[in-house]
Every structure is written in structure tokens, then in C-alpha cells.
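# Survey of secondary and tertiary structure
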Amino acid sequence: MTERAHAAHAEGETGVWSGSWVAERLGVELAGDEALTGLLGLALRRNPKRAHLLVSNVLGKHVPQSPSVVYGHGVALGRRVRELLGAEAAEGAVVLGYAETATGLGHSVADGLGSAPYLHSTRRAVAGVARAGGFEESHSHATSHLLLPQDPALLAGDGPLVLVDDEFSTGNTVLNTIRALHERYPRKRYVVVALVDMRSPADAGRLDAFAGEIGARVDLVTTASGTVRLPPGVLEKGQELVARYEAPPVDPASGPTTEHPEATTERTTEATSEPATGPTGGSPGAVSPGSVERVELRWPHDVPDGGRHGFTAADRDRLESALPGMAARIHGALPARARRVLVLGFEELMYAPLRLAQALEQAVGGDVDVRYSTTTRSPVLAVDDPGYAIRTRLVFPAHDDPADGPGERYAYNVAGAGFDAVIAVVDSAADTPALHAPDGLAARLAAHVPHVLLAVVPSYVPHASPAPQAPERPPMLPEPLRGPAFSSYAPDEVGWLLQDLSDVTLEAPTEEREEAIQSGGAHYAESLPVEYQPSEQYQELFHAALDSSAARLARAVGAVTEVVLTERSPRPVLVSLARAGTPVGVLMRRWARFRHGLDLPHYAVSIVRGRGIDANALRWLADHHDPADVVFVDGWTGKGAITRELAAALRDFEVSDGVTGFDPEIAVLADPGSCVRTYGTRDDFLIPSACLNSTVSGLISRTVLRADLVGPHDFHGAKFYRELAGADLSPAFLDAVSARFPDVTESVDAHVKELLSADRTPTWEGWAAVERISEEYGIHDVNLVKPGVGETTRVMLRRVPWKVLARAGAGADLDHVRLLAEQRGVPVEEVADLPYTCVGLIHPQYTRGATGADGKAVTL
């Protein structure tokens, strides 16, 4: 097999499903969600209990995958669990992952859940650590699971227990776990999490029945679901196939036998450390063994290597701070010409290598293709066929002195995959002579890869004296950033509770960002869109819109400010949600000075959908102001996602910091979604500040939250585009609106009287409309439906738009949207009963070049 073919297989580029070989020979079928064949391939187990193996493409075990994709799937599941439990229950949850395959997935779920401590089962007994429980995995090649928490109280709480495995196939493992734990540590709620739910119809009802039996609630959260249809006699047929394709002993002098050419590579890699194919597809023995060198990680001494004995939120914070430095050391040790690199974890040690791989991926940018997978105990047949999930297999002896004795271990899809370097990450307990023996893992890798780096993570010793704990946060947070050093706003207009990332390259092409976001490989707040530079025609539309709407904007600014002063606080502290809320906050501050002579404090903070508001910014505000006086400000509401995000984040903050008094009610200029009580208008009209990006927002980017740039004690980040000063329209926008304040004073007074006497209870009409549109247009994801003029404009400027829905008869408010749609080739569809002036639909199932709702039709 050529390295190009193997690399294409691992990345799903061949166009052949990696389960077709098994499906054709055994009659095995995957039935269920369309996503299943993208998530899973098939292989044959060398196991008398089950013939087939579901091989995950996103787990990072058998198939090398981008670490951001692997981590993103786990974190996304954790966030869904948090939504299911609610913020209060999530704070008391404990996450338990299964060895060996799901140790990293469980850890990632815990990260997505928030501050939940994490523990994974283990098959490695540790001297001096008492068992807190155990259970059996009936279908596995290695059945006994041990639970060895350093603090047994980790399992003794009464909060939800979240159990994480890679697949939910029969339910036996989960039932065994819950039964064993519930006898010792009964609780009221369990959540089962898996990448795929593949239970048969006969097994589907067992979980509910078991929950009733023990008197607890058991929920299930998965990425995709379906079932495996097995024909009669599949186990015997599978064993026959394995026997036929299994490699017999090979005499290196005579070479492998060839009666089954598909298995040739597998037999060669098992029998000798000579390469099955060289980096250019040569014959065995054509390439000299590569070098093996150590790289010093400088792993933090107070951070466990994983969750075998427990991993807390404080451990997570310390690891996040250290990851960029460790990635830099790995990067510095790589050969200069390395363009395809694998970070290879070790059996249960999955999370530490995953996070190192992710940090390395971020450090090298697009210059190096970083992949991640791990070694395993699981014996699987390797067949060199594009329709088979395990193309090659490296075999080596166990090197960590396992409790169940010596045996073979495996690394799949590494040989022949075209890697220029492999970073093998093991814990110190596995850094033994067996690792470095002539038939050991290091030699096996070096036979196929030019450069092998060995990175050793110190094995955590539970009985060691704990290191002194670092303070939870610095005693003083930095003062707000102000213009002209940061932003083109005057220093008294707004203080930014952000950190300056202006010198960091964060921009990525829109199509790349969309693909990464929708694949689960990246969060939208981890990068920035390239700043859109408007055409002369578009700028003319902006100025025309500003001229025609300035009085309307001034009236809405005055109305919302007066409602705030009347109902919320006579001297409010305005806190805008950066960046769309910032111009509105500046205008509200100007109105308060114009009409009442008030000089109100005004700050801008970051809030990120799915990740909440910047907790350090809240701490700064609580240290300097009465939280009861804080009024959060935004530009407009769409479907109300940020409204809900803020409410949930403030509840979390009360629990984590014990600070009360922050009011989650947002004050907005326009509330077309009927999501808040404090607004200037509920009309969906053009707010010109939505027409542009940084050049109408003080030259500030949208906010950034990325682990390698924003530590646990940092404000979220943003960039100041000083180089765009010549195109800055921020002062012009503010001045045009505030110049109309004298003209609208009387109408504001009348309007405020109407507002104060009206029933302004939110109806959430916008959310209901978005859900309906999502279903009607086959999108099935409300996050891809952006209602209102402002949100539609954002879609056109920052995302990959699919189409625009426009209310029939909408006039000049949509001129700029129609122009952008024409420039980007996006259809505008008129809808008679649309509750908004327009709705922007982000491309569903986006891949570059695709335009159809199924993500497949190509017309560009």
C-alpha cells in the first residue's frame, strides 16, 4: 500500500467506506443515522466472543485523526450533558470513563461539562491504592476494570454520575458499572454518554427497566445512533475469515507468504521490525531504521498524568497553563522538514497525549499536519484494503509490567501512513527496558518512521505528598484596556475587560472556519474571520442607511436608557457584551449624559455561546462595583441564545464564587425575538452597526477564547486592528446617532410611558420561529438559523451562508443584505409570514464547495 493511499484512508478521502470490506464478506450492516458511516468503520476482532469491531474515526484510538476533531467531539458531548443536567446539577457531577478506549473521551467530556472531577477505570493495579470498586466488561478481550480514586469520596457524593464509553452496544458494561457502584454509593441520577448508540432493538429497553429497578434516573447522550444488523452465523464466519487472513509465522529470510495479498503488510509488520513499505512505497527493507530521541516535556509536577486516580478542576487549570510550553518544546525537537506528524499515546494514557497533540496542532498552524492515535491491547486483524478500517498493524510486547502478565500490544494504521515523525507519549511506569528492546515499540516505530521522539509523562503517585496549591487567581486582575491604546473609542467611552491579542495571528478563511466549527474540530471563538473590507458600493449603502435610520436609532437608544434608569438603577454600571453591544453601550452612556448629566461607568466584556461569560471580568466588576447596579447591554436579540447563555453563566458564577446580585436581564436596542423585558423597540430594522465588522466597533475584533492564549486567570482576548484606522467609521456612527438626540426627546418620553405601562413579558416568539424554520428547511440545528437583520448580516460577513429568507415586501432595510447576497452568490427567498424582516441560514453540513442542505451538491 502506498503511503498516499494509507493517509487518504485514515482521513476518509478515498471515497470508500472503511467498513465495506467486512460488510461485503459477513453481511454486517450499519443502520441508523446518516453520520454513522462517517464516524465508524469496521474490522474483524481476533476475539472468540464477538466477530466485528466498530472502529471509530473520531476517537483517536485505532485511526490517526486531527486532535482538535477528537477533543472537539468529547467536549461537545460534555456541553450537551451540562445542558441536560442544568448548571446547578452539573456542578455536583462526577465523570467516569472506561479503560482503555474511552479514557481520553471521558476526560474531554468532563472538560465540556465544566468543573466536574474525572476518574477513569483502569486495568493497572497500583501498589498502595485500595480499590473503591470494579466491574466486568463481558465482551472485551480484557474484562476486569478497577476503580482506584485517590479520594474515595469522589464516588460517594449524591450528585449525578456521568459514565462515558466510546460506544453503547449492548448496555451490559454500563449496567454492570451502575449496579456495582449503586450498591456502595447509591445516587438519584446517572447519565450515560457515548459517541454512538448501537444497541439492538432487544437491548433498547433494558436501560429504562434497570433505572426503574434501582429507583434512579438514567439518561443517554450520544453523537449518533443506530444498530448493527448481524446475519445468522456471523461469529463463525468472522472466525473463519480471521483464520484465513491471519498471518502465519514468517521466516524473514524467505519473506511472507502470499496466498492472501491483502494481508501481506500486516504479516510483515508483525514478524519483523523491517518496514512493510518505505515512505515512498518501496519493498520491505528499503528504508533504514529511523532515529529515536527523547524530548523533555517538563510536565508540571503537581498535575496527574490522567484520571486513573482522579483529576480535578484545579488539575485542569494547571495543565492548561503548561500545555503551550510543552508543545513548543515538542515543536522545537521535530525535524525542520516534518510535514506529517503523529502523536501516539499509550493504552490508558490517552488524554495527556491528546492535549499535547492539540497544543502542538495549534502551535504549528497549517504548516504541519498533526494526527493523534494510541497503542492498544485490542487484537484486531489488519487487512490492506481501502474498505477496511485497520490497514496495518505493528506488534510489540507490553512494556509497563501489567498486572495480568506479558502479552502483545498493537499500534494500528501507523506503518505506511507517510508520517515524517512520531512522538510516542508514555508514562514513566511504561518507560522500561521492554519499550527500548529490539522488538519493542520504539524499534517498531523507528522501522517505519524516519524520526521517533519519546516523551515521558511522570506517573502520578497518589500517596506522594501534595505540592503546595497555587492561588485560585492572581490577587489583582488587570485594569480595563482603553483607547487610543486599545480601540478607537475615547478612553472615557468604554473600558475593555479583555486582553490584547493584537500581535497574534488568529484569522482564518471563512470556509476553513465553517468546516472546523461544524465538524466539531474547533469552536467559533478559537479563531477570527478575515476582516471584510467593504466595497465602495457597500459603504455607500451603509452611509445611506445611517442617514435614514439615525433618528430611529436615537429614539430606541433614549427609550432603553430611560427604562434602565427607571427600573434597574438610578446610576447603572453599563456592561456591554462585546462587540455588538459596545456601540450601543456607548450611545446609552451618551444619552444619560445628554438628558440627565450622568457620567455612567461603561465596560465591555466577552461572552461566548457554549462557554459562558468571562468569569474573571465578573470578578473584576464585583470587586469595583455593586453587582446589583450592573446592567448588561447588547445590540439586539435574535432567537435569544445569548440571553439564555448569560443567565446560565451567572447561575454558575454564583455557585463557583458565591457572588450574588448580577441581574441576567439584558438591555437591548431592539428585541425582535421577544426575549427580554428591557428594550428600545421590538421592531426588526437595520441597525447600521451590524453592517460592518471592526470598522464600526472601535476597530476591535470579536472576542477570542482559546486555551493556549487565555489562561484560567486571564480575561478573554481580542485584537485591535490599528492598521484599519483609515477605514474607521466608529466615531461617525456614534456622532450621527447622538446628533439626533435633541430631535427625538419628546417622542422618547412618549414611547417610554408606553413601554413602562405595557406588558413586556418575553414570549420567545423568535425561538419558536427559529425551531420551525430549522425543521422546515431540513437544517435540524437552531445554531445555523440566524434571525433578524443584524444576525443575517453577520452570517453574510463571517460565516458560509446558504440562503436568506426575506419577509415579502421588506424595503431598504435589506438593501445591504441583498448586495452581499449578490456578491456571494447566495439566493434570497421571499417568505410571506416571516416574523422577522429576514433570516440568514448558515450552510448546513458544510464542506468546502458544498451548497445543498445535505452538504453534497456542488454548484460553486
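Here is a short report on the structure shown in this document. Numbers given to residues run from 1 along each chain, matching the order in which its sequence is written. For a predicted model such as this one, the threshold for reporting local features is a pLDDT of at least 70, and the threshold for listing and counting side-chain atom pairs is 80 or more; totals across whole chains, interfaces and linings nevertheless cover every residue. The basis for every side-chain value is the complete set of non-hydrogen atoms in the structure, without hydrogens or water.

## Points about the sheet that holds strand S13 (residues 369–374)
The parallel open sheet is built from five strands, whose spatial order is S11-S17-S16-S12-S13. Here the strands that pair on one side only, and so sit at the sheet edges, are strand S11 (291–294) and S13. Recorded for the sheet is a direction-independent mean angle of 20 degrees between the axes of neighbouring strands. Here, any two strands with at least 2 DSSP bridges between them count as paired. Strands here mean DSSP runs of E at least two residues long; helices mean DSSP runs of H or I at least four residues long; both are numbered from the N terminus. Across six bridges, strand S12 (residues 340–345) lies against S13 in parallel orientation. The residue bridging Val 343 from the neighbouring strand is Tyr 372, located in S13. Every axis corresponds to a line fitted to the C-alpha atoms, with the helix fit spanning only the stretch in contact, and the corresponding angles, defined between N-to-C directions, vary from 0 to 180 degrees.

## Observations regarding the pairing of strand S31 (residues 828–831)
Pairing geometry for strand S30 (residues 801–807) and S31, over four bridges, is parallel. When the bridges of S31 are listed, Ala 806 appears paired with Glu 830. The parallel pair S30 and S31, bridged by helix H25 (residues 815–824), forms a crossover whose chirality is right-handed. Throughout, right-handed denotes a crossover for which the path from the first strand over the helix to the second runs clockwise when the strands point away from the viewer.

## Here we look at the nonpolar core
Burial of nonpolar side chains together is a common tendency in soluble globular proteins. To define a nonpolar core, start from buried Ala, Val, Leu, Ile, Met, Phe, Trp, Tyr and Cys residues and group those joined through side-chain atoms within 4.5 Å. Exposure categories follow from relative accessible area, calculated using a 1.4 Å probe and restricted to protein chains: below 20% of the type maximum is buried, above 50% is exposed, and the middle band is partly exposed. Leu 44, Val 162, Val 193, Leu 360, Tyr 388, Ile 423 and Leu 445 are the most contacted members of the largest nonpolar core, which totals 136 residues. The greatest single-element share of this core, amounting to eight residues, is contributed by helix H13 (residues 351–364). By definition in these notes, contact holds between two residues if any of their heavy atoms fall within 4.5 Å. Apart from residues lying up to four places away in sequence, Val 162 is in contact with Val 81, Ala 93, Val 94, Val 95, Leu 96, Leu 113, Val 191 and Val 193. If you look at the next biggest cluster of nonpolar residues, it comprises 104 residues, including Leu 477, Tyr 489, Leu 650 and Val 704.

## Focus on the packing of aromatic side chains
Think of it this way: a Phe, Tyr or Trp ring, Trp meaning its six-membered ring, pairs with another when their centres are within 6.5 Å, and the plane angle makes it stacked under 30 degrees, edge-to-face over 60, tilted otherwise. Throughout the structure, instances matching the rule amount to 13 aromatic pairs. Consider the rings of Phe 311 and Tyr 351, whose centres lie 6.1 Å apart with planes at 70 degrees: the pair is edge-to-face. In this pair, Phe 311 is assigned in the loop between S11 and helix H12 (313–333) and Tyr 351 in helix H13, connecting sequence segments 40 residues apart. Both residues of the pair, Phe 311 and Tyr 351, count as buried. Seen from their ring centres, Phe 653 and Phe 662 are 6.2 Å apart, and the 65 degrees between their planes marks the pair as edge-to-face. You'll find Phe 653 and Phe 662 in the same group, each marked buried. Charge-over-ring contacts are defined here by two conditions on Lys NZ or Arg CZ: a distance within 6 Å of the ring centre and an angle within 35 degrees of the ring normal. Over the ring of Tyr 71 we find Arg 355; its NZ or CZ atom is 4.3 Å from the centre of that ring. The lysine or arginine in question, Arg 644, covers the ring of Trp 764, its NZ or CZ lying 4.6 Å from the ring centre.

## Some words on helix H9 (residues 206–214)
Residues of H9 that are buried: Leu 207, Phe 210 and Ala 211. All buried residues of H9 fall inside an arc of 105 degrees around its axis, so they share one side. Projecting away from the buried face of H9 at angles above 90 degrees are the exposed residues Asp 208, Ala 209, Gly 212 and Glu 213. Here the arc refers to the set of directions running from the helix axis out to each C-beta atom.

## What to know about the side chain of Ser 576
Note that Ser 576 resides in strand S22 (residues 573–578). A distance of 3.2 Å separates a polar atom in the side chain of Ser 576 from the backbone oxygen of Gly 581. Setting aside anything within four residues of it in sequence, one finds Ser 576 in contact with Gly 581, Thr 582, Gly 585, His 602, Tyr 603, Ala 604, Val 605 and Val 633. Polar contacts, as counted here, are pairs of nitrogen or oxygen atoms within 3.5 Å of one another; within protein the pair requires one atom able to donate a hydrogen and one able to accept it, and residues that are adjacent in sequence qualify only if both atoms are side-chain atoms.

## Re unusual backbone geometry
Here the residue pair Ala 99 and Glu 100 is connected by a cis peptide bond, since its omega of -5 degrees sits within 30 degrees of zero. Among the structural elements, Glu 100 can be located in the loop between strand S4 (94–97) and helix H6 (103–113). Here Ala 578 and Arg 579 are connected by a cis peptide whose omega angle stands at 0 degrees. Tracing the chain through its elements places Arg 579 in the loop between S22 and helix H18 (581–596). Of note, the phi angle at Arg 298 is positive, near 60 degrees, even though the residue is not glycine. Note on placement: Arg 298 falls in the loop between S11 and H12.

## Section: the sheet that holds strand S9 (residues 189–197)
With mixed pairing, the six strands of this open sheet are ordered in space as S1-S10-S9-S8-S4-S5. Edge positions in the open sheet fall to strand S1 (29–32) and strand S5 (118–120), since each of these has one partner strand only. Averaged over all pairs of adjacent strands, the angle between their axes in this sheet comes to 30 degrees, without regard to strand direction. Bridge count for S1 against strand S10 (residues 217–229) is four bridges, and the pairing is antiparallel. Bridge assignment links Gly 32 to a residue of S10, and that residue is Gly 226. Sheet contacts for H6: S4, S5, strand S8 (161–168) and S9; angle to S8, the most-contacted strand, approximately 135 degrees. Running at roughly 160 degrees to S8, helix H7 (residues 172–184) makes contact with S4, S8, S9 and S10 of the sheet.

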